[in-house]
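# Per-entry structural report
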Amino acid sequence: MMTSSVDTSIQLTSTYFKPAMWGGDHAFKVGYVFRDTPSESGTVYGGDVFVFERNGVAERAQFYRSSSTAYDMTTHSAFISDTFTKGKLTLSAGIRWDRQDDSARASSVPANRLIPQWLPGVTFDGADGGIVFSNWSPRLNAGYDIFGTGRTVARSSFSVYYGQIAPGSLSAILNPLTAASITFPWTDLNRDRVVSVNEIDQTRILAFSGNYNPNNPSALGTPNSVDTNTRNDKTVEWTATIDHQLGRRMAVSLSYIYRHYSDFRFDKRVGITAADWTEATFTPNCPVSGTTCSPLRYYQPNFQIPAAQRTMNRDGYTRSFNGIEAVFTKRMANRWMFDGSYAFNSAVDKFASIEGYSTTSDPTNYAIYNGGQYAPEAGGSGIDNVFPNAKHLVKLSGVYTAPWDINVGAFYNARQGYIYPRRVLTLPRINAAGTVNLYYDTWGDTRYDTLQTIDLRVSKRFVFGRRSVEGSMDVFNVGNVNTVLTRSLNQTSANANFVTGIVAPRILRFGVRVVF
């Protein structure tokens, strides 16, 4: 994948202080920002085809056409705020305006070399989605010194945020040069694990993707559209915090945060609803004993998935976040310091209907996600199948300065295990619906074990005039715990539930730092 971008930005800000006005002191701030962020991107798929096997047997081949896209993006932003201070009270109010617009520029891509009749080369003249987001975001903050001593302060804030879109967010749906693919059944006749055209069944389309119509593959445009009533995604946030100082060197803090997310967008398939799907039962074949292997419900469309898509809001889809954090801090004094915190986080997805849940109105897994925790799949560092979501987190750290100014520090980290979603992969469904993962548990109900680690550090600094040398020793994962982080999730695979990732083992590291 190749991406290029040359950004141009202009930023103007001004601050004005006005004491003793309207009974208090004011700090005004105004600003304006202009950004021009054109973007060009291209993706080339090696060999133009990916193959898929099921337990070592050829199943399907997915053919790709490379992508080559170019977009223009301009943003105008302006804001004004005032911070008012009077006695024990501090108030801050402001409003921000954002205008965001993008369009797709002309470009072209070559055909797939193996099946050019299905994925031909295309030249695109460019297009504009016809939508400009113009949003006003209010902000309000308040702080109050409860006893007038500066030792107990209550703070609260209310804010509305709108999404900052990327180039192509509103016009990409009209661009036929995004990555396109089509999938056919594949039989490896000569068992060389390499796809030949004579080994695919071109009479059965298992799935297709991209701004592409397999019923009219040579079309220079797309059948897609943009709903002109589409709204920008919005976040409403409210926070409340109370800070209290204990003595001269210790402090505690308790915070609550609430966020409500709405007006999400997706590219909806046009011409199919939840009523156009028929329920079926999938009985998995699980080769490994001890796996979860009971039958599951899924759905198949009554006709081929339509090619036409429309960028629109996911009406009825919202997410609510509730978080609490308690913090204790003891500053360095009498040769020791300590920090401790506990956090509770819960992010719940809710769907009012299947239409806002699935781009194709597919009811499969609707009950699994509706009301479940928000935990999108992530990966990296050689580990996949990771679904980050921990409701409970505890962190403790401290430092003690021993005799001869030797610093001894420790860090304890504990969190609830991430989501462990056991699943099975269906066979390709009829009418180009493709395969789908079926899950056994509501999102967030099953988890890996709690993760707990302890790290230690010992250091000593030697001073030589204006120069110093610090030697250190770090021990990571002192207990050498081997908590499982990820497993193979597919219950029908030959390695079902096999461990694919654990906590890194104990590491001992020595370091020297020279300051001069």
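Our subject is the structure that appears above.
Going along each chain's sequence as written, the residues are numbered from 1 onward. pLDDT decides what is reported in this predicted model: residues at 70 or higher carry local features, side-chain atom pairs at 80 or more are listed and counted, and totals for whole chains, interfaces and linings draw on all residues regardless. With hydrogens and water set aside, each side-chain value is computed from the structure's full complement of heavy atoms.

### Observations concerning the overall build of the protein chain
How we decide: Counting from the N terminus, the helices are the DSSP runs of H or I reaching at least four residues and the strands are the DSSP runs of E reaching at least two. Whether a residue is buried, partly exposed or exposed follows from its accessible area with a 1.4 Å probe, protein chains only, as a fraction of its type maximum: under 20%, in between, or over 50%, in that order. In what follows, residue pairs with any heavy atoms lying within 4.5 Å of each other are defined as contacts. Note on areas: these come from Shrake-Rupley sampling with a 1.4 Å probe, and a residue is covered only by the protein chains present in the view. A positive count includes Lys and Arg, and a negative count includes Asp and Glu. His and the chain ends are not counted in either. A charged residue contributes its charge at one atom only: NZ of Lys, CZ of Arg, CG of Asp or CD of Glu.
Per the secondary structure count, the protein chain includes one helix and 34 strands. With respect to the three principal axes, the spread of C-alpha positions in the protein chain is 80 × 60 × 50 Å. Looking at the protein chain as a whole, 41% of its 516 residues qualify as buried. If you take every contact in the protein chain between residues at least 6 apart in sequence, the share linking residues at least 24 apart comes to 70%. As displayed, the protein chain offers around 26,800 Å² of accessible surface, 56% of which is attributable to carbon and sulfur atoms. Of the side-chain charges in the protein chain, 50 are positive and 42 negative, and the distance between the mean point of each set is 11 Å.

### A few points about the sheet that holds strand S18 (residues 265-269)
The condition that has to hold: Should DSSP find at least two bridges between two strands, the strands are regarded as paired.
Judged by pairing direction, the sheet is mixed, and its three strands sit side by side in the order S15-S21-S18 without closing on themselves. The open sheet has two edge strands with one neighbour each: strand S15 (225-226) and S18. With five bridges connecting them, S18 and strand S21 (residues 309-313) associate as antiparallel partners. Counterpart to Phe 266 in the pairing with S21 is Met 312.

### Topic: the sheet that holds strand S14 (residues 207-209)
The criterion, for reference: In this analysis an axis means a line fitted to C-alpha atoms, helices contributing only their contacting stretch, and an angle means the value between N-to-C directions, from 0 to 180 degrees.
What the four strands build is an open sheet, ordered S5-S6-S13-S14; its pairing is antiparallel. With one partner strand each, in any of the chains shown, strand S5 (49-54) and S14 form the two edges of the open sheet. Between one strand axis and the next, the sheet turns through 20° on average, direction left out of account. Bridge count for strand S13 (residues 180-185) against S14 is three bridges, and the pairing is antiparallel. Across the sheet, the residue bridging to Thr 183 is Ala 207, located in S14.

### Some remarks on the pattern of salt bridges
Heads up, the condition is: Here a salt bridge means any side-chain nitrogen of Lys or Arg lying within 4 Å of a carboxyl oxygen belonging to Asp or Glu.
Scanning all chains against the criterion turns up 23 salt bridges. Residues Asp 98 and Arg 96 are paired through a salt bridge, measuring 2.9 Å at the closest nitrogen-oxygen approach. Given a relative accessible area of 2%, Asp 98 falls into the buried group. Salt bridges here are not isolated pairs; linked through shared partners, they connect Arg 457, Glu 470, Asp 474, Arg 509 and Arg 513.

### Observations concerning the state of the cysteines
Note the threshold: Cysteine sulfur atoms are paired as a disulfide whenever they fall within 2.5 Å.
Under the counting rule described, the total for this entry stands at one disulfide. In this model, Cys 286 is linked to Cys 293 through a disulfide, with the two sulfur atoms separated by 1.9 Å. Disulfide Cys 286-Cys 293: torsion about the S-S bond near 95°, hence right-handed. For Cys 286, a relative accessible area of 17% gives the class buried.

### A word on the environment of Gly 356
The residue Gly 356 is located in the loop between strand S23 (336-351) and helix H1 (366-369) in this model. In this structure the C-alpha to C-alpha distance between Gly 356 and Tyr 369, which are 13 residues apart in sequence, comes to 12 Å. Beyond its immediate chain neighbours, meaning those up to four positions away, Gly 356 contacts Phe 266, Arg 314, Asp 315, Tyr 317 and Phe 351.

### Concerning the nonpolar core
Stated precisely, the cut-off is as follows: Grouping buried Ala, Val, Leu, Ile, Met, Phe, Trp, Tyr and Cys residues that are joined through side-chain atoms within 4.5 Å yields what is termed a nonpolar core.
Ranked by size, the top nonpolar core spans 22 residues in total, and within it Phe 63, Ile 115, Ile 182, Phe 184, Ile 200 and Phe 208 carry the most contacts. Those elements giving two or more residues to this core turn out to be strand S6 (57-65) and S13. With three residues, the top contributor of residues to this core is S13. Ignoring anything within four residues of it in the chain, the contact list for Phe 184 reads Arg 60, Ala 61, Phe 63, Ile 115, Trp 118, Ile 200, Asp 201, Gln 202, Arg 204, Ile 205 and Leu 206. The next biggest cluster of nonpolar side chains, apart from the first, holds 10 residues, and it includes Ala 375, Phe 387, Ile 419 and Leu 489.

### A few points about the pairing of strand S27 (residues 406-415)
For a regular strand, side-chain orientation follows a simple rule: the groups alternate between the two sheet faces. Strand direction decides the pairing type here: strand S26 (residues 392-402) and S27, joined by 10 bridges, are antiparallel. In the strand pairing of S27, Thr 401 is matched with Asn 407. Hairpin connection between S26 and S27: a loop of three residues separates the two successive antiparallel strands, and Trp 404 in this loop has a positive phi of roughly 65°. Note: S27 against strand S30 (residues 451-464), 10 bridges, orientation antiparallel.

### Examining unusual backbone geometry
One non-glycine residue with positive phi stands out, namely Asp 263, at about 60°. Its location among the elements puts Asp 263 in the loop between strand S17 (250-262) and S18. For Asp 405, which is not a glycine, the phi torsion comes out positive at approximately 55°. With respect to the helices, strands and loops of the structure, Asp 405 is situated in the loop between S26 and S27. Among the residues examined, Asp 405 registers a relative accessible area of 49% and is labelled partly exposed.

### Here we look at the side chain of Ser 459
When you line up the elements, Ser 459 lands in strand S30. In this structure, Ser 459 is in contact with Asp 405, Ile 406, Asn 407, Glu 470, Gly 471 and Ser 472, ignoring residues within four places of it in sequence.

### Focus on the layout of surface pockets
What counts, and what does not: The method works on a 1 Å grid over the protein atoms by themselves. A cavity is a set of points holding a 1.4 Å probe that cannot get out, a pocket is an open set with protein on both sides within 12 Å along at least five of seven lines, and residues with an atom within 4 Å of a point line them. Grid points are joined across faces, edges and corners, and a volume is the space filled by probe spheres set on the points. When residues are sorted by character, Ala, Val, Leu, Ile, Met, Phe, Trp, Tyr, Cys and Pro go into the nonpolar class, Asp, Glu, Lys and Arg into the charged class, and all the rest, Gly among them, into the polar class.
When its volume is computed, the largest pocket comes out at roughly 450 Å³. Ala 207, Ala 432, Ala 433, Gly 434 and Thr 435 are, among the 23 residues lining the largest pocket, the residues nearest its centre. Sorting the residues of the lining of the largest pocket by element identifies S6, S13 and S14 as the ones contributing at least two each. A total of three residues in the lining of the largest pocket trace back to one element, the largest contributor, which is S14. A class-by-class count of the residues in the lining of the largest pocket yields 10 nonpolar, nine polar and four charged.

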